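The residues making up each chain are set out below.
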Amino acid sequence: MVKIRKLVKTLNPYVPGRSIKEIAKEYGLNPDKIIKLGSNENPLGPSPKAVEALSQNLEYMNQYPETDLKDLTEVLASYSNVSPSQVILGGDGADEILDLLGKTLIDPGDEFIVPIPSYMYYEYILTINGGVPVFAQWDMPQNKVNVDSILNVLSPRTRIIFLCTPNNPTGGLIDKKDIEIILDRTDALVVVDEAYFEYAGANNVDLLNDYDNLFILRTFSKVMGLAGMRIGYGLGNPQFIQYMHRIKPAFSLTRLSQIAALATLNDKEYIKNSIQLAIKSREYLYTELVNISDLDVFKSKANYLLLDIRKTGLDSKILTKKLMEKGIIVRDCSSFRGLDDYWIRVNVGTIEDDKKFIEVLKEII
Ligand SMILES: Cc1ncc(COP(=O)(O)O)c(C=O)c1O
């Protein structure tokens, strides 16, 4: 066997949500009948304009993609209310941007702060980049970031602080004034992850005018319905973005992804519908779930809800398995640092999906 890096040998693999294909095979189910509510995807499907644009461009897949991404960057800058020099796009979604942040900022032994529970990919990818995770606290049941717990662990080696708003998996928002308090106290990069900002109707782009150490992370995987195309982006200080460009793989955003992203951004009707349907579905799901006495449901500003299931007498492994046997995939949150074995996360589906989920869940518990 060749010599593997020590860091890779000791790394905990990232645990992604389960796929329809995998579950269909494991439980002998018809894949078309499975309802997937485990990966915060968009139940509406992609924009028809994106599908049309892709079908017209399939024959060019022999050509390399553009590298300057001028058209897409300009339209995205306008959508985001920033200038094109403040935008960077990534070709493995927002996850690629996280990797670029690690490569740009982290020397071995440098620290990054994550209030937990939060999106697990921060810890995974920054650790690969040599970073040392330092954990702060996301307060439950208040569903609020604990600002003091972050300020208390700041050190001369802190390079990045992750603030996810709405937070995945809890759904809570971070107040702008709390973000400012943290920005004022550090020279480290404060990464405000707004993967779900459209569902919350709130964002922090205005703070880019006042803070050079702010970076906003976003994605086309949620409201834009393009999770499978893997397109993410970041908004930040132009000089910092230039440094990121030095290490970004030149062709990571595929031709087809660029086309799908541009067509979706230009489909204002789709974006509006996508947001409205998810919010309607989220409020429906919340109202139904809070009526189930054995569940504690957390208010969410995103397209998913976190449920504390301990009063049901089932743990998350057993409950998710029972749901999968009936063709419903939700997220078992036991791999989230900071949560124990009694939490599941369910994303909003169509109202029909939601109804089916509630019916099956009631049957089980
Ligand atoms: C909070 C958060 N940030 C970033 C991402 C990564 O998104 P992408 O699909 O663009 O890699 C996700 C994906 O679920 C997420 O939940």
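Because the structure is predicted, anything quoted here is derived from the model rather than measured. (Residues numbered from 1 in each chain as written. Predicted model: local features only at pLDDT ≥ 70, side-chain atom pairs only at ≥ 80, totals over all residues.)

A closer look at the overall build of the chain
(1) Moving on: The helix and strand tally for the chain stands at 14 helices and 14 strands.
(2) Moving on: A compact globule built from 365 residues would reach a C-alpha radius of gyration of about 21 Å, and the chain, at 20 Å, matches this within 12%.
(3) Moving on: Counting all 365 residues of the chain, 44% fall into the buried class.
(4) Moving on: Taking as baseline every contact in the chain between residues at least 6 positions apart, the subset at least 24 positions apart corresponds to 70%. (Helix = DSSP H or I, 4+ residues; strand = E, 2+ residues; numbered from the N terminus. Rg over C-alpha atoms; globule rule 2.2 N^0.38 Å. Buried ≥ 20, exposed ≤ 12 C-beta atoms within 10 Å, placed from the backbone. Contact = placed C-beta atoms within 7 Å.)

Regarding the site of the ligand
(1) Moving on: Taken together, 13 residues sit near the ligand, with Gly93, Ala94, Asp95, Thr219 and Ser221 positioned nearest.
(2) Moving on: Per-element tally for the shell around the ligand: the top contributor is helix H5 (residues 93-105), with three residues.
(3) Moving on: Taken together, the residues that form the shell around the ligand break down as five nonpolar, six polar and two charged. (Near = placed C-beta within 6 Å. Nonpolar A, V, L, I, M, F, W, Y, C, P; charged D, E, K, R; others polar.)

What to know about unusual backbone geometry
(1) Moving on: Each neighbour pair has its own omega, and for Met140 with Pro141 the value is 10 degrees, a cis peptide bond.
(2) Moving on: Structurally, Pro141 can be placed in the loop between strand S4 (132-139) and strand S5 (144-145).
(3) Moving on: Cis peptide bonds are those with omega within 30 degrees of zero, and the linkage from Asn168 to Pro169 qualifies with 20 degrees.
(4) Moving on: Its location among the elements puts Pro169 in the loop between strand S6 (158-164) and helix H8 (176-184).
(5) Moving on: In the Ramachandran plot, Asn40 falls in the positive-phi region, its phi being about 55 degrees despite a non-glycine side chain.
(6) Moving on: Relative to the assigned elements, Asn40 resides in the loop between strand S1 (35-36) and helix H3 (48-57).
(7) Moving on: Residue classification places Asn40 among the buried residues on the basis of 23 C-beta atoms within 10 Å.
(8) Moving on: Of note in this structure, Leu69 is not a glycine but carries a positive phi near 50 degrees.

Looking at the sheet that holds S6
(1) Moving on: One open sheet accounts for eight strands, arranged S2-S9-S8-S7-S6-S3-S4-S5; its pairing is mixed. Among the strands making up the open sheet, the edge pair consists of strand S2 (87-92) and S5.
(2) Moving on: As paired elements, S2 and strand S9 (residues 232-236) share four bridges and run antiparallel to each other. Within S9, the residue paired with Gly90 across the bridge is Gly232.
(3) Moving on: The sheet contacts of H5 involve S2, S6, strand S7 (189-193), strand S8 (214-219) and S9, and relative to S2 the element is tilted by about 115 degrees. (Pairing = 2+ DSSP bridges. Axes fitted to C-alpha atoms, helices over the stretch in contact; angles between N-to-C directions.)

Regarding the domain arrangement of the chain
(1) Moving on: Under the domain assignment used here, the chain contains domain 1 (14-45 + 269-364) and domain 2 (48-266).
(2) Moving on: Look at where the C-alpha atoms of domain 1 and domain 2 centre, and you get two points 25 Å apart.
(3) Moving on: Counting from both sides, the interface comprises 28 residues of domain 1 and, opposite them, 24 residues of domain 2.
(4) Moving on: Those elements giving two or more residues to the side of domain 1 that touches domain 2 turn out to be helix H12 (268-290) and strand S11 (304-308).
(5) Moving on: In terms of residue count, H12 provides more of the side of domain 1 that touches domain 2 than any other element does, six residues in total.
(6) Moving on: Split by residue class, the side of domain 1 that touches domain 2 holds 15 nonpolar, eight polar and five charged. (Domains from an automatic or database assignment.)

Some details on the packing of helix H4 (residues 70-80) against helix H11 (residues 255-265)
(1) Moving on: Running from amino to carboxyl end, H4 crosses H11 at an angle of 35 degrees, the nearest separation of the two axes being 10 Å. In the packing of H4 onto H11, the handedness of the crossing is left-handed. Contacts between H4 and H11 involve Asp71, Leu72, Val75, Leu76 and Tyr79 from the first element and Gln258, Ala261, Leu262 and Leu265 from the second.
(2) Moving on: Tallied by class, residues from the contact of H4 with H11 come to seven nonpolar, one polar and one charged. (Left-handed = near helix turned anticlockwise from the far one by under 90°.)

What to know about the nonpolar core
(1) Moving on: In terms of nonpolar packing, the biggest core is built from 94 residues, with Ile160, Ile161, Phe162, Leu163, Val190 and Val191 touching the most fellow members.
(2) Moving on: Looking at which element gives the most residues to this core, the answer is H5, with six residues.
(3) Moving on: Three or more residues apiece are contributed to this core by two domains, here domain 1 (14-45 + 269-364) and domain 2 (48-266).
(4) Moving on: Non-local contacts of Leu163, meaning those with residues more than four positions away in its chain, are made with Val145, Ile174, Ile179, Val190, Val191, Val192 and Asp193. (Core = buried A, V, L, I, M, F, W, Y, C linked by C-beta atoms within 7 Å.)

Brief notes about H4
(1) Moving on: Taken residue by residue, H4 has Leu72, Leu76 and Ser80 as its buried positions. Buried positions in H4, seen along its axis, are confined to an arc of 60 degrees and lie on one side of it. Across from the buried face of H4, at angles greater than 90 degrees, the exposed residues are Lys70, Asp71 and Ser78.
(2) Moving on: Looking at the buried positions of H4, the neighbouring elements they touch are S2, S9 and H11.
(3) Moving on: Immediately downstream of H4, the backbone of Asn81 shows phi near 65 degrees, a positive value. (Arc of directions from axis to C-beta.)

Regarding the pairing of strand S14 (residues 343-347)
(1) Moving on: Within S14, five of the five residues are buried, leaving the element largely enclosed by the surrounding structure.
(2) Moving on: Bridging between S11 and S14 involves five bridges; their strand directions are antiparallel. Considered in S14, the bridge of Leu305 is made with Val346.
(3) Moving on: By the bridge criterion, two bridges tie strand S13 (residues 331-332) to S14 in an arrangement that is antiparallel. Directly across from Arg331, in S14, lies its bridge partner Arg345.

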